[in-house]
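An overview of the molecular structure
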Amino acid sequence: MSNQREKIMLLENKNVVVYGGGGAVGSAMARGFAHEGARVFLTGRNLDVIDTVAKEISASGGAVETAVVDAGDEKSVTEHLHAVVADAGSIDVSFNAIGISPVGLQGIPLAELPVENFLRPITTYTQAHFITARSAARHMIAQRSGVIMMHTPEPARLPMPLVGGMSVGWAAMEGLNRALSAEWAQHGVRAICLRTTGMVETPVIDIVYGLHADALGITKEEFTALAGGMSHRKRPTTLAELTEAAVFLASDRASAMTGTVANLTCGIIVD
């Protein structure tokens with residue numbers, strides 16, 4: 001008997017749709033899902049960006065296809081998912097990883113924040129996540145299986161200053177996650193949210209920390225050290241940690257988990 005055991009692919013024969021696939025989180029998710037055997041349908045609004053990610057995945061032996069999709073546009077999402085099902089036969093995982101620029105939205109006291117800037121993350125996130133979740137669920141309910149996933153940072157739960165409407169938008173996502181499970185889990189469709197700290201590997205956090213540092217009158221390096229020191233592990237969540245958790249939670253091994261938030265905040269939030 002061979003001493004080598006064949007690697008078990010957690011997501012083999014699964015079809016995964018990733019929205020916001022050109023961003024740091026979305027591309028990391030796509031790589032992780034493909035590495036575990038999934039066929040990844042990578043979407044975004046910039047074809048050149050997602051094609052670059054797709055080429056990296058293909059070069060590593062992963063199965064990936066790209067399409068221009070606006071996650072906040074119902075027609076765009078619906079038509080793409082119909083095409084995916086027609087081609088692949090099912091949608092097993094939907095991961096919405098879209099993000100918006102924090103410029104003009106964070107680092108500003110609430111008393112000075114324009115109403116439209118306060119509302120932008122709330123309306124953008126809730127609309128896009130509702131559209132992608134509902135569109136996927138219509139296929140998943142019919143097939144009696146599927147996982148809908150989203151990602152939030154710690155201000156979704158932890159009160160922090162100078163984050164504007166971002167924290168409200170993220171909290172709304174977590175509330176939506178619970179509501180999706182309450183209605184759809186009985187039909188085999190799980191809803192999972194993964195909550196992390198800000199991840200310093202991502203370009204957006206570099207901008208965010210700069211905005212907060214400027215508002216507090218300290219350097220970005222000082223703010224980064226301050227933020228990392230808040231966790232029990234004295235460091236932020238890494239992209240690799242988020243990806244590993246997402247792969248497991250998307251797999252059938254996590255079949256009992258739904259309507260919950262996976263706490264990956266390294267101890268900043270203790271449940």
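The structure under discussion appears in the preceding block.
The notes below deal with the structure included here. (Residues numbered from 1 in each chain as written. Predicted model: local features only at pLDDT ≥ 70, side-chain atom pairs only at ≥ 80, totals over all residues. Heavy atoms only, no water.)

1. Re helix α7 (residues 220-229)
Of all the residues in α7, the buried ones are Phe-223, Ala-227 and Gly-228. End-on, the buried residues of α7 take up no more than an arc of 130°, which puts them together on one face. Residues Glu-221 and Ala-225 are exposed on α7 and point more than 90 degrees away from its buried face. On its buried side, α7 packs onto α6 (203-216). (Buried < 20%, exposed > 50% of the residue type's maximum accessible area, 1.4 Å probe, protein only. Helix = DSSP H or I, 4+ residues; strand = E, 2+ residues; numbered from the N terminus. Arc of directions from axis to C-beta. Contact = heavy atoms within 4.5 Å.)

2. Focus on the side chain of Ser-135
Among the secondary structure elements, Ser-135 is positioned in helix α4 (residues 115-143). There is a polar contact of 2.7 Å between the side chain of Ser-135 and the backbone oxygen of Ile-131. Setting aside residues no more than four positions away along its own chain, Ser-135 makes contact with Val-77, Thr-78 and Leu-81. (Polar contact = N/O pair within 3.5 Å; in protein donor to acceptor, adjacent residues only side chain to side chain.)

3. Structural notes on the nonpolar core
One recurring pattern in soluble globular proteins is that nonpolar side chains are buried together. By size, the foremost hydrophobic cluster in this structure holds 35 residues, and its most contacted members are Met-29, Phe-33, Val-40, Leu-42, Phe-95, Met-149 and Leu-194. No other element matches the seven residues that helix α8 (residues 239-250) contributes to this core. Not counting the four nearest positions on each side in its chain, Leu-194 is found in contact with Phe-95, Met-149, Met-150, His-151, Thr-152, Leu-242, Ala-245, Ala-246, Leu-249, Ala-262 and Leu-264. In this structure, Ala-67, Leu-105, Trp-170 and Val-261 belong to the second largest nonpolar core, which totals 31 residues. (Core = buried A, V, L, I, M, F, W, Y, C linked by side-chain atoms within 4.5 Å.)

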